[in-house]
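Single-letter residue listing:
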Amino acid sequence: MNRLYKFICLFAFLVGIFSSCSRTKEERSRILKIYNWADYIDESVLDDFPKWYKEQTGEDVRIIYQVFDINEIMLTKIERGHEDFDLVCPSEYIIERMLKKNLLLPIDRNFGKTPDYINNVSPYIREQLDKLSQPGRKATDYVVAYMWGTAGLLYNKKFMSREEAMSWDCLWNPDYKGKILMKDSYRDAYGTAIIYAHAKQLADGTITVEELMNDNSPEAIALAEKYLKQMKPNIAGWEADFGKEMMTKNKAWLNLTWSGDAVWAMEEADAVGVDLDYEVPLEGSNIWYDGWVIPKYAHNVKAASYFIDYICRPDIALKNMDANGYVSAVATSEILEAKIDTTITQYSDLSYFFGPEADSIQINPVQYPDIKVVERCAMIRDFGDETELVLEMWSRVKGDNLNTWIVLLIFSVFGILFIWMIVQKIRKYKQQKHHRRRRKRWYK
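Treat the numbers as computed from the prediction; the structure is a model and nothing was measured.

Let us now look at the side chain of T332. Mapped onto the fold, T332 is located in the loop between β11 (327-328) and α15 (333-339). Assessed through its relative accessible area of 11%, T332 is described here as buried. In this structure the side chain of T332 is engaged in a polar contact, spanning 3.0 Å, whose partner is the side chain of E334. Here T332 is in contact with N120, P314 and F354, once residues within four sequence places are set aside.

Dropping the structure here:
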């Protein structure tokens, strides 16, 4: 009887475990885990997707949404932590690294009755991303572009002229000391410094922006460090997201930032009477691309693929653009029509992005750079094993930002605290000694 009882208990225990595992697996298949940059999507898109997915597939799905601020943090969670995110949105050089390390799954474009909206992505963007391809792995089988833009200078027109902002030289100008903010992005900082250091060679046409930004030789790293340290006394702060707000409040005059942040800041500043503008310096700069990928540890590849398809619908692309100020990779006639602004006096050549009919259009030049701007920019590639050397350089540049007097002040404070602790211990020891003497006299 005792054996029978034990057998029934063991059977019930095993049934409980297996049923629990089954429920967990079933629940996970109805969850879509997304890891994206902060403030990079219209929240209503996340709210509406489950209903659309149910209409397309007949299946329920719930979104778990998390954000990151730095590409490398996201990559560490995937590569070392084996986090089971179904979708992440890295930048181009991280996408290349993930392809090299076989960390991505191909996107399943078998959408059944649902239209394949992924084809709405501009052929120009697809061509750029395919430069990241690895042997046996074509990049655009694993990534669909989401947003793209340039790195440049957001500046306050009250304190700076357009001519000054058209060169990286202004970052090294002591007249702007304490009024400059810079993105806490080692890639953009490195590219800016190395381009500025070779301004003459670029003007002569003896070297290209692409060659410079992707030169990770010890000599190039040392040169970038030299120029960044020369610039550093002018920098008021390294920012991940607060720069655009500081610019709208006149607390900074110049910000090395991304075009999407510039659009947001210019709109906010205009509402409070602050006149900001944005330029990509003539020496050249970084043109970047963020894209959706499915990590190899994903558990819901189907929902992830459908979400990518959903994001590429023109109406959804417009929602996201309006929400974050950045430019969608989607290049349909609906997007072009919605973005043409006849109040803009400048005409831009966007034929490279929208097609030949867009060779002279009135459109926001910060969001959609003219072909001449694009031609002086280049995409940053993965530095591979040399990444650590560049990161070490970046740490050295940022690490000694403190002025000597601040360092002395810190040491002085710690010294005073140490002396105070010693004095307190001595005082406590004397008090205890005094109490022991009193007790001895009392017993006598």
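Further remarks concern the packing of aromatic side chains. Each pair of aromatic rings is reported with the distance of its centres and the angle of its planes. Per the stated rule, a full pass over the model turns up 32 aromatic pairs. Where Y53 meets Y306, the ring centres are 5.5 Å apart and the plane angle is 85 degrees; that geometry is what we call edge-to-face. Taken as a pair, Y53 in helix α2 (residues 43-57) and Y306 in helix α13 (residues 301-311) lie far apart in primary sequence, 253 residues in all. Y306 gets classed as buried once you look at its relative accessible area, which sits at 7%. Ring geometry for Y196 versus Y227: centroids 5.9 Å apart, planes at 80 degrees, classification edge-to-face. Taken together, the positions of Y196 in helix α7 (residues 186-197) and Y227 in helix α10 (residues 218-231) put the pair 31 residues apart, joining distant regions of the chain.

With that out of the way, let us pick up the nonpolar core. Counting 138 residues, the largest nonpolar core has F49, M98, I125, F307, F353, F354 and Y368 as the members making the most contacts within it. Sort the elements by how many residues they give to this core and strand β5 (residues 143-156) lands first, with 10 residues. Sequence-distant contacts of M98, defined by excluding residues within four places in its chain, comprise M74, L75, I78, V88, P90, L103, L104 and V293.

For the rest of this paragraph, the subject is the pairing of β5. Burial analysis of β5 places 14 of its 14 residues in the buried class, which makes it a mostly covered element. Looking at chain direction, β5 and strand β10 (residues 285-295) are connected through 7 bridges and run antiparallel. Residue pairing for β10: V144 is matched across the bridge by W292. Bridge count for β5 against β11 is 2 bridges, and the pairing is antiparallel.

Applying the stated criterion across every chain yields a total of 23 salt bridges. Across the pair R381 and E96 runs a salt bridge whose closest N-O atoms are separated by 2.8 Å. Of this pair, R381 sits in the loop between β12 (377-378) and α18 (387-399) while E96 sits in helix α4 (residues 92-100), and the two are 285 residues apart along the sequence. Of the residues examined, R381 reaches a relative accessible area of 21% and is grouped as partly exposed. Looking at E96, the relative accessible area reads 4%, which means it is buried. D382 is the partner of R97 in a salt bridge, and the nearest nitrogen-oxygen pair spans 2.9 Å. Note that R97 is positioned in helix α4 and D382 in the loop between β12 and α18, a separation of 285 residues in sequence. Comparing R97 with D382, the two get one shared label, buried. A network of salt bridges, in which partner residues are shared, links R28, K33, D84 and D86.

Among all positions of helix α3 (residues 71-79), only N71, E72, M74, L75 and I78 are buried. Taken around the axis of α3, the buried residues stretch over an arc of 155 degrees, which confines them to a single face. Packed against the buried residues of α3 are β1 (31-37), β2 (62-68), β3 (87-88), α4, α7 and β10.

Attention shifts here to the pairing of strand β8 (residues 254-258). Counting buried positions along β8 yields 5 of 5 residues, so the element is predominantly enclosed. On β8, burial covers both faces: L254, L256 and W258 on one face and N255 and T257 on the other are all buried. Taken together, the 3 bridges between strand β6 (residues 180-183) and β8 define a ladder with parallel strand orientation. Of the residues in β8, the one forming a bridge with L181 is N255.

In this fold, R396 is placed in helix α18. Under the relative-accessibility criterion, R396 is labelled partly exposed at 39%. Within polar-contact distance, the side chain of R396 engages the side chain of E225 at 2.8 Å.

What counts as what
Residues numbered from 1 in each chain as written. Predicted model: local features only at pLDDT ≥ 70, side-chain atom pairs only at ≥ 80, totals over all residues. Heavy atoms only, no water. Helix = DSSP H or I, 4+ residues; strand = E, 2+ residues; numbered from the N terminus. Buried < 20%, exposed > 50% of the residue type's maximum accessible area, 1.4 Å probe, protein only. Polar contact = N/O pair within 3.5 Å; in protein donor to acceptor, adjacent residues only side chain to side chain. Contact = heavy atoms within 4.5 Å. Phe/Tyr/Trp six-rings, centres within 6.5 Å; stacked < 30°, edge-to-face > 60°. Core = buried A, V, L, I, M, F, W, Y, C linked by side-chain atoms within 4.5 Å. Pairing = 2+ DSSP bridges. Salt bridge = Lys/Arg side-chain N within 4 Å of Asp/Glu carboxyl O. Arc of directions from axis to C-beta.

Distances and angles like these do not, on their own, reveal function.
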